[in-house]
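Summary of structural features
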Amino acid sequence: MANSDMGDEPLERKAVRGVIEELERQCAENRARLKVRRAGDRVIVDGELDVDAIVMVVVGAMAGGP
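Residues numbered from 1 in each chain as written. Predicted model: local features only at pLDDT ≥ 70, side-chain atom pairs only at ≥ 80, totals over all residues. Heavy atoms only, no water.

1. Considering the pattern of salt bridges
Counted according to the given criterion, the structure contains five salt bridges. Between Glu-9 and Arg-17 there is a salt bridge whose closest N-O contact spans 2.6 Å. (Salt bridge = Lys/Arg side-chain N within 4 Å of Asp/Glu carboxyl O.)

Structure below.
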């Protein structure tokens, strides 16, 4: 979630972007256990997620983190 453009985004947009980036990161880390693809403004997820990591991204967005 190291995107410098996020500083001016509304909280909801930061959280959404962060979650999608985290899902894609988890997918890249282990493609055998998780598949993520974008379909327009939707994200299709199939597999095992690290929910704690996703929650941390949302909490970071709420705290005003980068």
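2. Some remarks on helix α1 (residues 11-29)
Helix length check: α1, at 19 residues, gives a terminal C-alpha distance of 27 Å against a target of 27 Å (1.5 Å per residue), a fit within 8%. Buried within α1 we find Lys-14, Ala-15, Gly-18, Ile-20, Glu-22, Leu-23, Gln-26 and Cys-27. Contacts made by the buried residues of α1 are with β1 (34-39), β2 (42-47) and α2 (51-62). (Helix = DSSP H or I, 4+ residues; strand = E, 2+ residues; numbered from the N terminus. Expected span 1.5 Å × (residues − 1). Buried < 20%, exposed > 50% of the residue type's maximum accessible area, 1.4 Å probe, protein only. Contact = heavy atoms within 4.5 Å.)

3. Some details on the environment of Glu-48
As for its position among the elements, Glu-48 is in the loop between β2 and α2. The sequence separation of Glu-48 and Asn-30 amounts to 18 residues, and the corresponding C-alpha distance is 9.6 Å.

4. Details of the packing of α1 against α2
At their nearest, the axes of α1 and α2 sit 9 Å apart, and the two run at 155° to each other. As summarised for this structure, α1 and α2 are arranged roughly antiparallel, according to the angle between their axes. Handedness of the crossing formed by α1 with α2: right-handed. Contacts from Leu-11, Lys-14, Ala-15, Gly-18, Val-19, Glu-22, Leu-23, Arg-25 and Gln-26 of α1 reach α2 at Ala-53, Ile-54, Val-57, Val-58, Ala-61 and Met-62. Of the residues belonging to the contact of α1 with α2, the class tally is 10 nonpolar, two polar and three charged. (Axes fitted to C-alpha atoms, helices over the stretch in contact; angles between N-to-C directions. Parallel < 35°, antiparallel > 145°, perpendicular 65-115°, else oblique. Left-handed = near helix turned anticlockwise from the far one by under 90°. Nonpolar A, V, L, I, M, F, W, Y, C, P; charged D, E, K, R; others polar.)

5. Concerning the side chain of Glu-22
Examined against the element boundaries, Glu-22 turns out to sit in helix α1. Judged by its relative accessible area of 9%, Glu-22 falls in the buried class. For Glu-22, the contacting residues outside a window of four places in its chain are Ala-53, Ile-54 and Val-57.

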